[in-house]
Amino acid sequence: MTVNLEVAEGVGTIRLDRPPMNALDVATQDRLKELAEEASRRDDVRAVVIYGGEKVFAAGADIKEMQRMDHAAMVVRSRALQESFTAVARIPKPVVAAVTGYALGGGCELALCADFRIAADNAKLGQPEILLGLIPGAGGTQRLARLIGPSKAKDLIFTGRMVKADEALALGLVDRLAPAAEVFSEAHAWAAKLAQGPAIALRAAKEAIDTGLETDLETGLAVERTWFAGLFATEDRERGMRSFVEEGPGKAKFQ
């Protein structure tokens, strides 16, 4: 399999495994969608790590495969391509990308689907599609601009240039740097900590933030209000408030 899902400590690790560069061919895209949907459904998965291995996250699409496609074929395939990445972005649980080595093109777009990105200090990220006479097609023009702002996104997309880890951090493209050998362990620890939190409240927070970014303020506030009130029906809310009153903040143990 080109993508695998392993679960430990409530954390599901979606591992790209297509040596040598984890090129995202059609089969890998479809498998990614399948496992993202599985991670979304499984109760034993409370948080998710996206990982490409110690040497490379993903160097982008399989260019040789794409070169064989004509316009008609890509009209059909482009929707499935976006849907595979959207399935990752819509996992209703905290998702962290553990980025080592290259995260280019589709690899960068996959990292953009996570809620948080931890990158190796030797990582290189970018959207080089313009160098092929193309634009990003798996969400890059949309998610990158929302994350780092339109002018910075246009710089990366118009030029196709790669950025090193320190510049990616300064741009806000990644959230934390770590030595290459520690990226996965840091990402897993981040996810494992959140896996112990209130699952429904975490889902509510993620949906409220993501929906709010895609709509107007009034609609976003309505989504927040609905989730906020709805959480008063959960056992986690009762447990959290009781623990706060009786034991102080931060000591609740959630189911």
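All of these numbers come straight from a predicted model, not from anything done at the bench. (Residues numbered from 1 in each chain as written. Predicted model: local features only at pLDDT ≥ 70, side-chain atom pairs only at ≥ 80, totals over all residues. Heavy atoms only, no water.)

Some details on the packing of aromatic side chains
For step 1, the next point in the chain: As enumerated under the stated definition, the model contains three aromatic pairs in all.
For step 2, the next point in the chain: Ring geometry for Tyr51 versus Phe184: centroids 4.6 Å apart, planes at 35°, classification tilted. Of this pair, Tyr51 sits in strand β3 (residues 47-51) while Phe184 sits in helix α8 (residues 183-195), placing them 133 residues apart in sequence.
For step 3, the next point in the chain: Overall, the relative accessible area of 11% leaves Tyr51 in the buried class. (Phe/Tyr/Trp six-rings, centres within 6.5 Å; stacked < 30°, edge-to-face > 60°. Helix = DSSP H or I, 4+ residues; strand = E, 2+ residues; numbered from the N terminus. Buried < 20%, exposed > 50% of the residue type's maximum accessible area, 1.4 Å probe, protein only.)

As for unusual backbone geometry
Most peptide bonds adopt trans geometry, and most residues besides glycine take a negative phi value.
For step 1, the next point in the chain: Between Pro19 and Pro20 the backbone carries a cis peptide bond, its omega angle lying at 5°.
For step 2, the next point in the chain: With respect to the helices and strands, the residue Pro20 is situated in the loop between β2 (11-16) and α1 (26-41).
For step 3, the next point in the chain: Of note, the phi angle at Glu9 is positive, near 60°, even though the residue is not glycine.
For step 4, the next point in the chain: When you line up the elements, Glu9 lands in the loop between β1 (3-8) and β2.
For step 5, the next point in the chain: A positive phi angle, close to 55°, is found at Asn22, a residue other than glycine.
For step 6, the next point in the chain: Tracing the backbone shows Asn22 in the loop between β2 and α1.

Focus: the sheet that holds strand β6 (residues 116-120)
For step 1, the next point in the chain: In spatial order, the strands read β1-β2-β3-β4-β6-β9; together these six strands make up an open sheet with mixed pairing. On the outer flanks of this sheet lie β1 and β9 (176-178), each paired with one strand and no other. Across the sheet, the mean angle from the axis of one strand to that of its neighbour is 20°, orientation sign disregarded.
For step 2, the next point in the chain: Direction of pairing for β1 relative to β2: antiparallel, over a ladder of six bridges. Bridged to Ala8 within β2 is Val11. (Pairing = 2+ DSSP bridges. Axes fitted to C-alpha atoms, helices over the stretch in contact; angles between N-to-C directions.)

Topic: the pairing of β6
For step 1, the next point in the chain: Burial analysis of β6 places five of its five residues in the buried class, which makes it a mostly covered element.
For step 2, the next point in the chain: The side-chain alternation of β6 yields two buried faces, one formed by Phe116, Ile118 and Ala120 and the other by Arg117 and Ala119.
For step 3, the next point in the chain: In terms of strand pairing, strand β4 (residues 95-99) meets β6 through four bridges, oriented parallel. Within the sheet, the bridge partner assigned to Val96 lies in β6 and is Phe116.

With respect to the sheet that holds strand β5 (residues 102-104)
Each strand in a sheet pairs with another by means of backbone hydrogen bonds, the pair being arranged parallel or else antiparallel.
For step 1, the next point in the chain: Read across the sheet, three strands follow the order β5-β7-β8 without closing on themselves; strand pairing throughout is mixed. Every interior strand has two partners, whereas the edge strands, β5 and β8 (162-164), have only one. The sheet shows a mean angle of 20° between the axes of neighbouring strands, taken without regard to direction.
For step 2, the next point in the chain: As defined by bridge partners, strand β7 (residues 124-126) adjoins β8 across three bridges and the pair is classed as antiparallel. Among the inter-strand pairings, Leu125 is bridged to a residue of β8, identified as Val163.

Examining α8
For step 1, the next point in the chain: Look at α8: 18 Å from first C-alpha to last across 13 residues, which is about the 18 Å you get at 1.5 Å a residue.
For step 2, the next point in the chain: All of the buried residues along α8 are Val183, Ala187, His188, Ala191, Ala192 and Ala195. One side of α8 carries all its buried residues, which in axial view fall inside an arc of 155°.
For step 3, the next point in the chain: Contacts made by the buried residues of α8 are with β1, β2, β3, β4, β6 and β9. (Expected span 1.5 Å × (residues − 1). Arc of directions from axis to C-beta. Contact = heavy atoms within 4.5 Å.)

Side note on the side chain of Ser243
For step 1, the next point in the chain: Along the chain, the position of Ser243 falls in helix α11 (residues 235-247).
For step 2, the next point in the chain: On the basis of relative accessibility, which here comes to 5%, the residue Ser243 falls in the buried class.
For step 3, the next point in the chain: With near-sequence residues (within four places) excluded, Ser243 lies in contact with Gly248, Lys251 and Ala252.

Comments concerning the pattern of salt bridges
For step 1, the next point in the chain: Overall, the coordinates contain 14 salt bridges when judged by the stated rule.
For step 2, the next point in the chain: Here Asp155 ties to Arg161 by a salt bridge, and the two come within 2.8 Å at their closest N and O atoms.
For step 3, the next point in the chain: Look at Arg161 and you get partly exposed, because its relative accessible area is 28%.
For step 4, the next point in the chain: Between Glu238 and Arg242 there is a salt bridge, and its shortest N-O distance comes to 3.7 Å. Of the two residues, Glu238 and Arg242 both sit in helix α11, four residues apart, roughly one turn of that helix.
For step 5, the next point in the chain: Judged by relative accessible area, which is 45%, Glu238 ranks as partly exposed. (Salt bridge = Lys/Arg side-chain N within 4 Å of Asp/Glu carboxyl O.)

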